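# Tertiary structure, described
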Amino acid sequence: YERLKHLTSTPQQVRGEAPLSSVQAFLNGSGAGAASSVLTNGLDVARLRIQVQRADHPHPRAQGASVGHVGETFHYRGFFQALASIVRHEGFSALFKGAMARVIFTVPNQAVSIMLF
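Procedures and definitions
- Residues numbered from 1 in each chain as written.
- Predicted model: local features only at pLDDT ≥ 70, side-chain atom pairs only at ≥ 80, totals over all residues.
- Heavy atoms only, no water.
- Core = buried A, V, L, I, M, F, W, Y, C linked by side-chain atoms within 4.5 Å.
- Buried < 20%, exposed > 50% of the residue type's maximum accessible area, 1.4 Å probe, protein only.
- Helix = DSSP H or I, 4+ residues; strand = E, 2+ residues; numbered from the N terminus.
- Contact = heavy atoms within 4.5 Å.
- pLDDT = per-residue confidence, 0-100.
- Axes fitted to C-alpha atoms, helices over the stretch in contact; angles between N-to-C directions.
- Left-handed = near helix turned anticlockwise from the far one by under 90°.
- Nonpolar A, V, L, I, M, F, W, Y, C, P; charged D, E, K, R; others polar.
- Polar contact = N/O pair within 3.5 Å; in protein donor to acceptor, adjacent residues only side chain to side chain.

## Notes on the nonpolar core
In terms of nonpolar packing, the biggest core is built from eight residues, these being Val 45, Ala 46, Tyr 76, Ala 82, Leu 83, Ile 86, Ala 94 and Leu 95. The set of elements that each furnish at least two residues to this core consists of α3 (22–52) and α4 (79–90). With three residues, α4 is the largest single contributor of residues to this core. Residues within four places of Ala 46 in sequence aside, it is in contact with Phe 79, Ala 82, Leu 83 and Ile 86.

In structure tokens form, the structure reads like this:
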């Protein structure tokens, strides 16, 4: 947000002598929300896959999978292992699955929040 604010501000606004307009704040918030959504999407993909994995249906390519409490196997053993496994088996682009939906959800929220703040 601060980077966008600096890029879209007049010199007086940069020095703090004039406030940002509502339109500037809205656009800066939109850009910041979109950037943060895209950049953190891979982390959410890994987190979600860890949360929804089922012990009784391990991934067919799981190697060295962890064992559950009653002997079931889990595909993902931890966060970094999940990230590496997703990239290895599905490619780097798999970390961005659902990114557009996150952007569509996050951008209006961030834009309005920043504008009203």
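## Some remarks on the confidence of the model for the chain
Summarising the model, the chain shows a mean pLDDT of 85, and 83% of its residues fall at 70 or more. Note that residues 67–71 has pLDDT below 50 and, in this model, four contacts with residues that lie over four places away or in other chains.

## Notes on the packing of α3 against helix α5 (residues 99–116)
Packed helix pairs are characterised by how far apart their axes lie and by the angle those axes make with each other. The N-to-C vectors of α3 and α5 enclose an angle of 145 degrees; their axes lie 7 Å apart at closest approach. Where α3 crosses over α5, the handedness of that crossing is right-handed. For the pair α3 and α5, contact is made by Ser 22, Ala 25, Phe 26, Gly 29, Ser 30, Gly 33, Ala 34, Ser 37, Val 38, Thr 40, Asn 41 and Asp 44 and by Ala 99, Arg 102, Val 103, Thr 106, Val 107, Gln 110, Ala 111, Val 112, Ile 114 and Met 115, respectively. Each residue belonging to the contact of α3 with α5 can be placed in one class, and the counts come to 11 nonpolar, nine polar and two charged.

## Observations concerning the environment of Arg 15
Along the polypeptide, Arg 15 turns up in the loop between α2 (11–14) and α3. For Arg 15, a relative accessible area of 53% translates into the label exposed. A distance of 3.1 Å separates polar atoms of two side chains, one belonging to Arg 15 and the other to Glu 17.

## A closer look at the side chain of Ser 30
With respect to the helices and strands, Ser 30 occurs in helix α3. If we ignore the near neighbours within four places in the chain, the residues touching Ser 30 are Val 107 and Ala 111.

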